[in-house]
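Each chain is listed here by its residues.
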Amino acid sequence: MPATLDQSRRYIRQTIFAPIGKEGQRRIAMARVAVVGCGALGSSVADQLARAGVGFLRLIDRDFVEIHNLQRQALYTESDVLNRMPKALAAFDRLSAVNSQIEIEPVVDDLNSGNAARLLEDVDLIVDGTDNFETRYLINDFAVANRRPWIYGGVIGSYGMTMTIRPDVTACIRCVFPEAPPPGVAPTCDTAGVISPVVQVIASYEVAEALKFLVGAIDKLNDGMLAVDVWQLSIDRVPTGQPRPDCPCCGLRQFEFLDAPADDRETVLCGQDAVQVRLAHPNEIDLDQLARRLSGAGEVIRNKFLLRFTDAATDRELTVFPDGRAIVRGTTDGDEAKRLYATYIGI
Ligand SMILES: [Zn+2]
């Protein structure tokens, strides 16, 4: 007879903690949370939320696991790199093995204006594990328009920030950062690197905020911007105050990221020498047929989730997902990425 686990003791250290207690645990078990991005922050956030017993977790990530992720992305292993696993699926496999008592839904896609409503509408809370302002502004637009709380987190080098946003009550992310810094101006993980300790610290603050929100400890929530530098040993709390009447999002209620048409478009991926190309109307692609077609032009590797093609002439690498989305590696030039996409995959 297979051994069974005594699940009744799973959360005992958390329910003994008075601010959570059994009632808090019941609320956590009922909760639905979306984690957007399963890279460094998202890995750690998803791991902690799954272990804490959040009843439903939707894990959204567009990327696959690579060797340089392992330094800080705590859910993944070398075999995920070798198997070219999409991060959302690798996270699903790992966390399903950690906690079989919760529901986890992996989504291998990027969050965009075309799918934001579908992916975020049925959750109580959104937690940021992304690495770019475009997606954060989209989350913020959705959150403000639909009065859904979300928790921002960002890391670079040894420095990180987090903020808890409750629409109508607190400032939103665009009250604090009205515009994203122009490309090339702000340091990125590419130019400044990032170390694991700050990832774990910021992810932990995000999860603590999530747990407080889910158990109803609203008065304990972070009411400003919390900034930490683990190398310099600095911790700062900057009050962010009330929603600003002149904020383009929560003040003027202009949801430019949410309202943006879901065109065919390319997105330069942070810190990766890569560009994502996606179609406005995703088209199921026959990856086996594509593999046969491309096999004369370079190296083709296929698993059940994706196809990777390396162009023998230019060494550019295209990773193609079944919905037609592709990540073109070896360039940060969007036009070149689209050209390669059109050449090899066609529209
Ligand atoms: Zn605002």
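What comes next concerns the included structure.

Here is what the cut-offs are and how they apply
- Residues numbered from 1 in each chain as written.
- Predicted model: local features only at pLDDT ≥ 70, side-chain atom pairs only at ≥ 80, totals over all residues.
- Heavy atoms only, no water.
- Helix = DSSP H or I, 4+ residues; strand = E, 2+ residues; numbered from the N terminus.
- Rg over C-alpha atoms; globule rule 2.2 N^0.38 Å.
- Buried < 20%, exposed > 50% of the residue type's maximum accessible area, 1.4 Å probe, protein only.
- Contact = heavy atoms within 4.5 Å.
- Areas by Shrake-Rupley, 256 points an atom, 1.4 Å probe, with all protein chains shown as cover.
- Lys, Arg positive; Asp, Glu negative; His and termini not counted.
- Charge placed at Lys NZ, Arg CZ, Asp CG, Glu CD.
- Donors = N, O, S within 2.8 Å, 3.2 Å for Na, K, Ca; no water.
- Tetrahedral: all angles 85-135°; square planar, octahedral: opposite > 155°, others 65-115°.
- Phe/Tyr/Trp six-rings, centres within 6.5 Å; stacked < 30°, edge-to-face > 60°.
- Lys NZ or Arg CZ within 6 Å of the ring centre and 35° of its normal.
- 1 Å grid on protein atoms, 1.4 Å probe; cavity = no way out; pocket = protein on both sides within 12 Å on 5 of 7 lines; lining within 4 Å.
- Points joined across faces, edges and corners; volume = space filled by probe spheres on them.
- Nonpolar A, V, L, I, M, F, W, Y, C, P; charged D, E, K, R; others polar.
- Pairing = 2+ DSSP bridges.
- Arc of directions from axis to C-beta.

### Some thoughts on the overall build of the protein chain
Item 1. Within the protein chain, the secondary structure is distributed over 12 helices and 14 strands.
Item 2. For a compact globule of 347 residues, the expected C-alpha radius of gyration is about 20 Å, and the protein chain comes in at 21 Å, within 12% of that figure.
Item 3. When the backbone C-alpha atoms are referred to their principal axes, the protein chain occupies close to 65 × 65 × 40 Å.
Item 4. When burial is assessed residue by residue, the protein chain has 52% of its 347 residues classed as buried.
Item 5. Long-range pairs, those at least 24 residues apart, make up 64% of the contacts in the protein chain with a sequence separation of at least 6.
Item 6. Carbon and sulfur atoms form 53% of the exposed surface of the protein chain, whose accessible area is close to 16,100 Å².
Item 7. Positive and negative charge centroids in the protein chain, built from 37 and 47 side chains respectively, lie 6 Å apart.

### A short note on the coordination of the zinc ion
Item 1. Coordination of the zinc ion by the protein involves Cys-172 (SG), Cys-175 (SG), Cys-247 (SG) and Cys-250 (SG), with metal-donor separations of 2.2 to 2.3 Å.
Item 2. Coordination at the zinc ion is tetrahedral, judged from the four donor atoms that bind it and the angles of 96 to 123° they form at the metal.
Item 3. Between consecutive donors of the zinc ion, the numbers of intervening residues give the motif C-x2-C-x71-C-x2-C. A residue pair is termed long-range when its members are at least 10 positions apart, and Cys-175 in helix H8 (residues 173–176) and Cys-247 in the loop between strand E8 (234–239) and strand E9 (265–269) qualify at 72 residues. We note that Cys-175, like Cys-247, is buried.

### So, the packing of aromatic side chains
Item 1. With the rule as written, the count across this model stands at six aromatic pairs.
Item 2. Relative to Phe-177, the ring of Phe-133 lies with its centre 5.6 Å away and its plane at 85°, an arrangement referred to as edge-to-face. Of this pair, Phe-133 sits in helix H7 (residues 133–145) while Phe-177 sits in the loop between H8 and helix H9 (189–192), and the two are 44 residues apart along the sequence.
Item 3. Residue classification places Phe-177 among the partly exposed positions, given a relative accessible area of 23%.
Item 4. When the ring of Trp-150 is compared with that of Tyr-152, the centres are 6.4 Å apart and the planes differ by 75°; the resulting orientation is edge-to-face.
Item 5. Ring-pair connections join several aromatic residues into one group, and the members of that group are Phe-133, Tyr-137, Phe-177 and Phe-257.
Item 6. The residue whose ring lies beneath Arg-32 is Phe-56, and the NZ or CZ to ring-centre distance is 3.9 Å.

### Here we look at unusual backbone geometry
Item 1. Even without being glycine, Arg-84 reaches a positive phi, approximately 50°.
Item 2. Mapped onto the fold, Arg-84 is located in the loop between helix H4 (78–82) and helix H5 (87–98).
Item 3. The backbone phi angle of Arg-253 is positive, close to 50°, even though this residue is not glycine.
Item 4. Turning to its location among the elements, Arg-253 is positioned in the loop between E8 and E9.
Item 5. A residue is classified by how much of its surface remains accessible, and Arg-253, at 35% relative accessible area, is partly exposed.

### A closer look at the layout of surface pockets
Item 1. In this structure, the second largest pocket spans a volume of roughly 200 Å³.
Item 2. Asn-112, Ser-113, Glu-134, Leu-138 and Arg-265 are, among the 14 residues lining the second largest pocket, the residues nearest its centre.
Item 3. At the level of secondary structure, the elements contributing two or more residues to the lining of the second largest pocket comprise H7 and E9.
Item 4. Counting residues per element, the lining of the second largest pocket draws most heavily on H7, which supplies three residues.
Item 5. Across the lining of the second largest pocket, the residue classes break down as five nonpolar, five polar and four charged.

### Some points on the pairing of strand E10 (residues 274–278)
Item 1. Burial analysis of E10 places five of its five residues in the buried class, the great majority of the element.
Item 2. The two faces of E10 match: Ala-274, Gln-276 and Arg-278 on one face and Val-275 and Val-277 on the other face are all buried.
Item 3. The pairing of E9 with E10 spans five bridges and is antiparallel. Bridging from a neighbouring strand, Thr-267 pairs with Gln-276 of E10.

### Some remarks on helix H2 (residues 21–30)
Item 1. Listed as buried for H2 are Gly-21, Gly-24, Gln-25 and Ile-28. The arc that holds the buried residues of H2, viewed along the axis, is 100°, so those residues lie on one side. Of the residues in H2, the exposed ones pointing more than 90 degrees away from the buried face are Lys-22 and Met-30.
Item 2. Where the residues of H2 are buried, they touch helix H1 (12–16), helix H3 (40–52) and helix H10 (196–215).

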